[in-house]
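Structural description and commentary
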Amino acid sequence: RLVSKPVEEVATPQQQRMHRRVRECGVDKRGLGEEDLVKVWEDVLNNFEARVRQRWVQALWRGGVPDSVRGKLWRRAVGNRLGLTTARYEEMLALCLSPQRSSVEG
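Residues numbered from 1 in each chain as written. Predicted model: local features only at pLDDT ≥ 70, side-chain atom pairs only at ≥ 80, totals over all residues. Heavy atoms only, no water.

Re the nonpolar core
So the rule is basically this: To define a nonpolar core, start from buried Ala, Val, Leu, Ile, Met, Phe, Trp, Tyr and Cys residues and group those joined through side-chain atoms within 4.5 Å. Summary of the burial criterion: residues with accessible area below 20% of their type's maximum are buried, those above 50% are exposed, and those between are partly exposed, where the area comes from a 1.4 Å probe applied to protein chains only. Runs of H or I in DSSP of at least four residues are treated as helices and runs of E of at least two as strands, each being numbered from the N terminus. The contact definition used throughout considers only heavy atoms, calling two residues in contact when any of these lie within 4.5 Å.
Membership of the largest hydrophobic core comes to 13 residues, with the highest contact counts inside it found for Trp41, Trp56, Val69 and Leu73. Of all elements in the fold, only α3 (34-46), α5 (55-63) and α6 (67-78) reach the threshold of two or more residues within this core. Counting residues per element, this core draws most heavily on α3, which supplies 5 residues. With near-sequence residues (within four places) excluded, Leu73 lies in contact with Trp41, Leu45, Phe48, Trp61 and Val65.

Shown next, in the form of structure tokens:
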């Protein structure tokens, strides 16, 4: 019969640190459900500048971001240096899709 070993016995020191940091956020990395991941990502968002460059956060990012925090997270990560608003985006989109623009280019 095979028995799984605790993560501390099989993980690299880097993986152990990642697991420890995730637990510090109030969850255990093993068996994280959607709700737990949301809790971890909300902690990352609340401390974005301090956490975004940490390897354990990058590993979580590669593992996927829950839908409920993805938009907020990407806005923080990408930023908005031009200060674009939803209204301005819709205005530019309408301009691109307008028939007048299509006939001038075509």
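So, the pattern of salt bridges
In plain terms, the rule: The rule for a salt bridge is simple: a side-chain nitrogen of Lys or Arg has to be within 4 Å of a carboxyl oxygen of Asp or Glu.
Counting across every chain of the model gives 3 salt bridges. With its nearest N and O atoms 2.5 Å apart, the salt bridge here joins Asp67 to Arg70. One end of the pair, Asp67, and the other, Arg70, are both in helix α6, 3 residues apart, so they sit about a helical turn from each other. Looking at Arg70, the relative accessible area reads 35%, which means it is partly exposed.

Focus on the confidence of the model for the chain
Convention followed: Confidence scores here are pLDDT values: one per residue, from the predictor, ranging 0 to 100.
Of all residues in the chain, 65% have pLDDT values of 70 or greater, and the mean over the chain is 77. Taking the mean pLDDT of every element in the chain, the minimum, 57, falls on helix α1 (residues 7-10) and the maximum, 92, on helix α7 (residues 86-97).

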